[in-house]
Amino acid sequence: MTAPRPKILLFDLGGVVVPWVGPEVLAARYDLTRAEVIDRFAGSEIFNAYERGEVGDAVFTAELRQMFDLPDTDVGALWNSWVEPPFPGVMDALAALKTRFTTACLSNTNALHWGHLNTMFKTDKVFHHAFASHEINVAKPDADSYHIPLAEMGVAAENVWFFEDTTVNVEAARKVGMTVHQVDRAVGVMPVLRRLGLLTD
């Protein structure tokens, strides 16, 4: 039986559309594992508040400098440098998919990264709908981070295919009722799109 055609293709950004290498850079610099770096971020109330749009850039960059004893440089620029240009072929693939599906993004992000991303590509042009955690004031894996976009798009969860790299967010989206395709953050979403037959070339 052919799988039902989704009404919405929903994409995470970091590790899916663009490489987010911050955890790996910090792990190598401080002899930590990637998981230990992620745990430091997860344990920071200020970082979590920043992703929800509750504190400003200056508060976050001061926290980041302290968390990792960063050198006296432009921490905001350093932070943005860890979000790299899109994986090869992804922008063309998204443009093609947008002609056949309603496309959207849902990203745990922040004001600095969102601004940086939008210098590389315009999220509101690439996708029909763009949802950023710091703008909707809730972050994955909180269930509301999925319910808010669903409500705004007027679609039921079962009609959404979600492309996400982080396991806890994958599991949360599945609990909401989305069909989730987990992405290998090392290579991005293109192999999954090919496997699903979503690309026509």
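Conventions and cut-offs
Residues numbered from 1 in each chain as written. Predicted model: local features only at pLDDT ≥ 70, side-chain atom pairs only at ≥ 80, totals over all residues. Heavy atoms only, no water. Core = buried A, V, L, I, M, F, W, Y, C linked by side-chain atoms within 4.5 Å. Buried < 20%, exposed > 50% of the residue type's maximum accessible area, 1.4 Å probe, protein only. Helix = DSSP H or I, 4+ residues; strand = E, 2+ residues; numbered from the N terminus. Contact = heavy atoms within 4.5 Å. Phe/Tyr/Trp six-rings, centres within 6.5 Å; stacked < 30°, edge-to-face > 60°. Pairing = 2+ DSSP bridges.

A. Spotlight on the nonpolar core. Phe-11, Val-17, Phe-163 and Leu-193 are the most contacted members of the largest nonpolar core, which has 29 residues in total. Among the elements of the structure, strand E1 (8-11), helix H6 (90-98), helix H7 (111-120), strand E4 (160-164) and helix H12 (190-195) are those that each provide at least two residues to this core. Considering every element that reaches this core, the biggest residue donor is H6, with 4 residues. If sequence neighbours within four positions are ignored, Phe-11 has contacts with Val-16, Val-17, Leu-94, Leu-97, Ala-104, Cys-105, Leu-106, Phe-127, Phe-162, Phe-163, Val-189 and Leu-193.

B. Spotlight on the packing of aromatic side chains. Scanning all chains against the criterion turns up 14 aromatic pairs. Ring plane angle 45 degrees and centroid distance 4.8 Å describe the contact between Phe-41 and Phe-47, whose orientation is recorded as tilted. Just as Phe-41 is buried, Phe-47 falls in that class too. Arranged with centres 5.9 Å apart and planes meeting at 45 degrees, the rings of Phe-47 and Phe-60 form a pair that is tilted. Pair noted here: Phe-47 is in helix H3 (residues 45-51) and Phe-60 is in helix H4 (residues 57-68), with a separation of 13 residues, a long-range link. The class of Phe-47 is buried, set by a relative accessible area of 9%. A relative accessible area of 0% means that Phe-60 is categorised as buried. Three or more aromatic residues link up through ring pairs in this structure, and these residues are Trp-20, Tyr-30, Phe-41, Phe-47, Tyr-50, Phe-60, Phe-68, Trp-79 and Trp-82.

C. Main features of the pairing of E4. Buried residues dominate E4, accounting for 5 of its 5 residues. By the alternation rule, side chains of E4 split into Val-160, Phe-162 and Glu-164 and Trp-161 and Phe-163, which are all buried. The pairing of E1 with E4 spans 4 bridges and is parallel. Each bridged residue has a counterpart across the sheet, and for Phe-11 the counterpart in E4 is Phe-163.

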